[in-house]
Amino acid sequence: MPNIIHYAIPFFIVTVIIEVVLTVKVKMETYEYKDAVTSIAMGLGNVFVGLFTKALILGTFLFMYQYHLFTIPFTWWAWVLVLFAEDFAYYWFHRISHESRLFWASHVVHHSSQKYNLSTALRQTWTGSFYTFIFWFPLILIGFHPIMVVMQMSISLLYQYWIHTELINKLPKWFEAIFNTPSHHRVHHATNPQYLDRNHAGIFIIWDKLFGTFEPEVEKPVYGLVSNINTHNPLKVAFIEWIQMFKDVFTSKTSIRKKMLYFFKPPGWKHDGTGTLSTDLRKKWEQNKKAEN
């Protein structure tokens, strides 16, 4: 089974160069040399780690496939089904990655840039591939062959590459209504209170609309994290949240039960209630909006 991400690397390089040229031409100051280099370094590291984790993921999927409930054949309609099923699984993986610190520790890497361009799409985790694949277990148990699932996971990742740009404003309404687009995903990367933890879509934006996490792009997004890490060091970008999380677990003066909650509660949660949560910021924004109306 070919790793289509590897074949796409030349395409990534060419399109980043094209976007840089276009960005300079229209005088949009979205590219910063150090930031782009960091993103590319994180992407290369992710590809290297993937040489090992792909075997882990496929091996685990093949083991679990022994217990599948149905046998879904390699037919055209099965590929249509796995397109939607995998995207549904991705939505919940992505959403929980913002709601549980254990998964945020690896996903935060992708949000750590304060810029938004195609190089940002390459800023990928070095640790998430070792454990986040558990969200796709149900697809294997239902009866989708592991090769189909792994292939569709790669296709989804490729789709999400092109939506990391500010050069595309809005697409036709019918497309915006069904698919994830640059406009929708800019919201996801923004720290504006109304945009926090919204638009978790992979390919289809319909899941966000169905489960109440959709937010349209209205005001200009401000990118990055609620508390930015302010570093271009790839090692720090990759592991800073893991270090902070374990530091909170081992240094907090509380019960073992509450210590363990640092892994599962949302980012920013503190056992003594002093943490600032993105959900709190959004709630305050919603309350102010109601008061204005």
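Attention here is on the structure that accompanies the text. These numbers were taken from a predicted model, which means no experiment stands behind them.

1. Brief notes about the overall build of the chain
A tally of regular secondary structure across the chain gives 13 helices and zero strands. Along the chain, helices (α) and strands (β) appear in the sequence α-α-α-α-α-α-α-α-α-α-α-α-α when read from the amino end. Relative to its length of 293 residues, the chain is compact, with a C-alpha radius of gyration of 20 Å against a globular reference of 19 Å. With the C-alpha coordinates aligned to their principal axes, the bounding extent of the chain is approximately 55 × 55 × 40 Å. With 293 residues in all, the chain has 49% of them scored as buried. Long-range pairs, those at least 24 residues apart, make up 73% of the contacts in the chain with a sequence separation of at least 6. Split by element, the accessible area of the chain, about 15100 Å² in all, is 69% carbon and sulfur. Of the side chains in the chain, 27 bear a positive and 20 a negative charge, and the two mean positions are spaced by 5 Å.

2. Observations regarding the side chain of Asn117
Looking at where Asn117 falls in the secondary structure, it is placed in the loop between helix 4 (101–111) and helix 5 (118–121). A polar side-chain atom of Asn117 sits 2.5 Å from a polar atom in the side chain of Ser119.

So, how was this worked out
Residues numbered from 1 in each chain as written. Predicted model: local features only at pLDDT ≥ 70, side-chain atom pairs only at ≥ 80, totals over all residues. Heavy atoms only, no water. Helix = DSSP H or I, 4+ residues; strand = E, 2+ residues; numbered from the N terminus. Rg over C-alpha atoms; globule rule 2.2 N^0.38 Å. Buried < 20%, exposed > 50% of the residue type's maximum accessible area, 1.4 Å probe, protein only. Contact = heavy atoms within 4.5 Å. Areas by Shrake-Rupley, 256 points an atom, 1.4 Å probe, with all protein chains shown as cover. Lys, Arg positive; Asp, Glu negative; His and termini not counted. Charge placed at Lys NZ, Arg CZ, Asp CG, Glu CD. Polar contact = N/O pair within 3.5 Å; in protein donor to acceptor, adjacent residues only side chain to side chain.

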